2 protein chains.
Amino acid sequence: MCQLLGMNCATPTDITFSFRGFSQRAGVTSDHCDGFGIAFFEDKSCRLFIDNKSAVESPIAELIRNYPIKSRNVIAHIRKATQGKISLENAHPFVRELWGRQWVFAHNGDLHGFKPELRGRFIPVGNTDSEYAFCYLLDHLVERFGYEEPGLEDVFQALEDISPKIAEYGTFNFCLSNGQALFSYAVTKLHWVVRSYPFRPTQLVDLDMEIDFREVTVPEDRVAVITTEPLTHNEAWKAFEPGELILFRDGNLVKKSKTYIDRLVREALDPSLRRVTKADVY
Amino acid sequence: MCQLLGMNCATPTDITFSFRGFSQRAGVTSDHCDGFGIAFFEDKSCRLFIDNKSAVESPIAELIRNYPIKSRNVIAHIRKATQGKISLENAHPFVRELWGRQWVFAHNGDLHGFKPELRGRFIPVGNTDSEYAFCYLLDHLVERFGYEEPGLEDVFQALEDISPKIAEYGTFNFCLSNGQALFSYAVTKLHWVVRSYPFRPTQLVDLDMEIDFREVTVPEDRVAVITTEPLTHNEAWKAFEPGELILFRDGNLVKKSKTYIDRLVREALDPSLRRVTKADVY
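About the cut-offs
- Residues numbered from 1 in each chain as written.
- Chains lettered and ligands numbered in written order.
- Predicted model: local features only at pLDDT ≥ 70, side-chain atom pairs only at ≥ 80, totals over all residues.
- Heavy atoms only, no water.
- Helix = DSSP H or I, 4+ residues; strand = E, 2+ residues; numbered from the N terminus.
- Buried < 20%, exposed > 50% of the residue type's maximum accessible area, 1.4 Å probe, protein only.
- Pairing = 2+ DSSP bridges.
- Phe/Tyr/Trp six-rings, centres within 6.5 Å; stacked < 30°, edge-to-face > 60°.
- Lys, Arg positive; Asp, Glu negative; His and termini not counted.
- Salt bridge = Lys/Arg side-chain N within 4 Å of Asp/Glu carboxyl O.
- Polar contact = N/O pair within 3.5 Å; in protein donor to acceptor, adjacent residues only side chain to side chain.
- Contact = heavy atoms within 4.5 Å.
- Axes fitted to C-alpha atoms, helices over the stretch in contact; angles between N-to-C directions.
- Least-squares fit on C-alpha atoms with pLDDT ≥ 70 in both.
- Expected span 1.5 Å × (residues − 1).
- Bend = angle between axes of the 7 residues up to and from the residue.
- 1 Å grid on protein atoms, 1.4 Å probe; cavity = no way out; pocket = protein on both sides within 12 Å on 5 of 7 lines; lining within 4 Å.
- Points joined across faces, edges and corners; volume = space filled by probe spheres on them.
- Nonpolar A, V, L, I, M, F, W, Y, C, P; charged D, E, K, R; others polar.
- Buried area = accessible area lost by both parts, 1.4 Å probe.

For chain A, the name recorded in an unreviewed UniProt entry is Glutamine amidotransferase type-2 domain-containing protein, with Acinetobacter nectaris CIP 110549 as its organism.

Right, let's talk about unusual backbone geometry for a bit. Across residues other than glycine, the phi torsion is negative in most instances, and most of the peptide bonds are trans. Note the cis peptide between Tyr197 of chain A and Pro198 of chain A, where omega equals -5°. Of note, Pro198 of chain A is situated in the loop between strand S9 (191-196) and strand S10 (201-203). Look at the link from His92 of chain B to Pro93 of chain B: it is a cis peptide, with omega at -10°. At Asp43 of chain B, a residue that is not glycine, the phi angle is positive and equals roughly 55°.

Residues and elements named next belong to chain A. Among the five residues of strand S7 (residues 173-177), five are classified as buried, and the element is accordingly described as predominantly covered. By the alternation rule, side chains of S7 split into Asn173, Cys175 and Ser177 and Phe174 and Leu176, which are all buried. Strand direction decides the pairing type here: strand S6 (residues 101-108) and S7, joined by five bridges, are antiparallel. Residue pairing across strands places His107 opposite Phe174, the latter belonging to S7. Counted along the chain from S7 to the antiparallel partner strand S8 (residues 182-186), the turn is four residues long, and its residue Gly179 has a positive phi close to 90°.

With that out of the way, let us pick up the packing of aromatic side chains. Applying the stated rule across the entire model yields 31 aromatic pairs over all chains. Measuring from ring centre to ring centre gives 5.9 Å for Trp99 of chain A and Trp103 of chain A, while their planes differ by 75°; the resulting arrangement is edge-to-face. Of the two residues, Trp99 of chain A and Trp103 of chain A, both sit in the buried class. Seen from their ring centres, Phe105 of chain B and Phe172 of chain B are 6.3 Å apart, and the 40° between their planes marks the pair as tilted. Of this pair, Phe105 of chain B sits in strand S6 (residues 101-108) while Phe172 of chain B sits in the loop between helix H4 (152-167) and strand S7 (173-177), placing them 67 residues apart in sequence.

Residues and elements named next belong to chain A. Looking at the secondary structure, you find Asp221 in the loop between strand S11 (210-212) and strand S12 (222-227). Lys70 provides the closest opposite charge to the buried, salt-bridge-free Asp221, at an N-O distance of 7.3 Å. Only 2.6 Å separates the side chain of Asp221 from the side chain of Thr11, close enough to count as a polar contact. With near-sequence residues (within four places) excluded, Asp221 lies in contact with Thr11, Arg195, Ser196, Tyr197, Phe199 and Val216.

Quick look at the sheet that holds strand S4 (residues 70-79) of chain A now. Residue and element names in this part refer to chain A. Within the open sheet, the seven strands sit side by side as S3-S2-S4-S1-S12-S9-S13. Their pairing is antiparallel. The open sheet has two edge strands, strand S3 (45-51) and strand S13 (238-239), and neither has a second partner. Running over the sheet, helix H1 (residues 16-23) touches strand S1 (2-14), strand S2 (36-42), S4, S9 and S12 and is turned about 170° from S1. Across the sheet, helix H2 (residues 59-66) is in contact with S2 and S3; its angle to S3 comes to roughly 135°.

For these two chains of identical sequence, chain A goes onto chain B by a turn of 180° and a shift of 0.0 Å along the axis, with RMSD 0.0 Å. Both copies of the chain, as the preceding transformation shows, are related through a two-fold rotation axis. Looking at the interface residues of chain A, 100% of them are also at the interface in chain B, so both copies use one shared face.

Here we take up H4 of chain B. All names here are of chain B. Compared with the 22 Å implied by 1.5 Å per residue over 16 residues, the 22 Å span of H4 between its first and last C-alpha is a close match. Along its length, H4 shows its largest kink, about 25°, at Glu160, and proline Pro164 lies within four residues downstream of that point. Those residues of H4 that sit buried are Leu152, Val155, Phe156, Ala158, Leu159, Ile162, Ser163, Pro164, Ile166 and Ala167.

Glancing now at the layout of surface pockets. Residues and elements named next belong to chain B. Considering only enclosed or pocket space, the largest pocket measures out at about 440 Å³ in volume. Taken together, 24 residues line the largest pocket, and the ones lying closest to its centre are Pro12, Phe41, Glu42, Asp43 and Lys70. The set of elements that each furnish at least two residues to the lining of the largest pocket consists of strand S2 (36-42) and strand S4 (70-79). Along the lines of polarity and charge, the residues of the lining of the largest pocket split into six nonpolar, seven polar and eleven charged.

Interfaces are frequently sized by the accessible area removed from exposure as the parts join. Facing the 30 residues of chain A at the interface are 30 residues of chain B. Where chain A abuts chain B, roughly 2,600 Å² becomes buried across the two surfaces, and 58% of that area is made up of carbon and sulfur atoms. Per-residue buried area on chain A facing chain B is highest for Tyr67, Glu97 and Val125 of chain A; these three make up 21% of the total on that side. Put simply, the parts of the chain that give the side of chain A that touches chain B at least two residues each are S3, H2, strand S5 (94-98) and S6 of chain A. Residue contributions to the side of chain A that touches chain B peak at six residues, all from S3 of chain A.

Okay, here's the thing in structure tokens:
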């Protein structure tokens, strides 16, 4: 299984503090050792760094921990392979261009038997359920909007429709960004927090490390952090509800919606239907 | 203007030697300081590293020089901005997915007034003539072949048709790879060499550095290197003819063709027509 980390900010922000803690889960505080990836938006550009070494051992992860890239939208992923071999083409996040913007996607969970037809516009390079779902989702956006770029609210509505349909096939927690905003969706496990003025000192869960955000911020800073498991001890992390979709922009939660996942309701009524997926075992 | 470096190999090969020399041109032996990029294929996966610092100063370029990534297809680019501001979204190489493969493209030259309509399938993220030409070229491939992946020979024929049409608008030297092979096209300046058994010692042009390839190769190795200006003193670099398209696969030149560029013939007959582009001034 995998863990996700997303960041959406009002001003370009360095993710090194959160990434230091998060990357400890790739072998030190957890066993997500089968590769890592991180994508940074800088204006419309997106830089993706992936490696099939763990985020603890990879020289590329070491570069990221030490080279503060300032970004308003970041998505990172550490992988414990369940579907798809351990190879670079299966490393999240995945990136595709649509409407002259890069779209970045990372997924936590397992989808079972999810193989709808793709229209050819987006085809997976690797062989994960995750990249397949990403291509399907983008296909759906093109089917709905054509090649006229819609607004973020329109994309939100499209995700509200399509995400629970994919979630019928299993666990579908994801972070998605086009550099303007960050969309997060959870079926089982995802948490978020907003760091804003007045800032406070904070301690990482995964590493004996503290930062006093008062010393490294200005009042205009505002940072939403989204992650599988909370990264810090003393911040007010909120858990996503099952089926919840949230749109973060400029470090604010600007829209949220709880989608209806038929499978979850059926399973609640009759627990014998429940297929425990590896996604549930962290 | 820019400089290009391509590598196509029979076996996964480390490009650090050639990249060390090439990256000197980003401020030491030449002034291509406005960013760099390098894309490595590893099987179907493609890792792209870009920075808007020069390849001499960038910590990412330093990582590349010291972290030997083995690849069968590599494309690198150092930039001296002529069109498009210095920003990450304008850094070459550009990458798009088509037919479930990553396609990587880097361009040297200037195109003037090249703005044909794009169909929406591929839209530039930045604002360079180069990314526009890449999107146009991929558009043409989809128009010609639809979403059924053609063979490399078919792609070669398509490039034979479309490249000289783009070259009517200016200097269009490029390297293009989908991870299976490398296509190179030149209007003004591009050189290539194949390194194969028996290997020999070689000295870089741009750096006081020698390598004895006999010590770091096996007889099965075979490496085609394509670059704007020859990288070494004592190898038999060949210049592309104007309009020449070459397909390299497994380190071999497998196909070449000389395309007819009407503009070059007109300019040869009447030199007053010739618009000296910055591309010609290295």
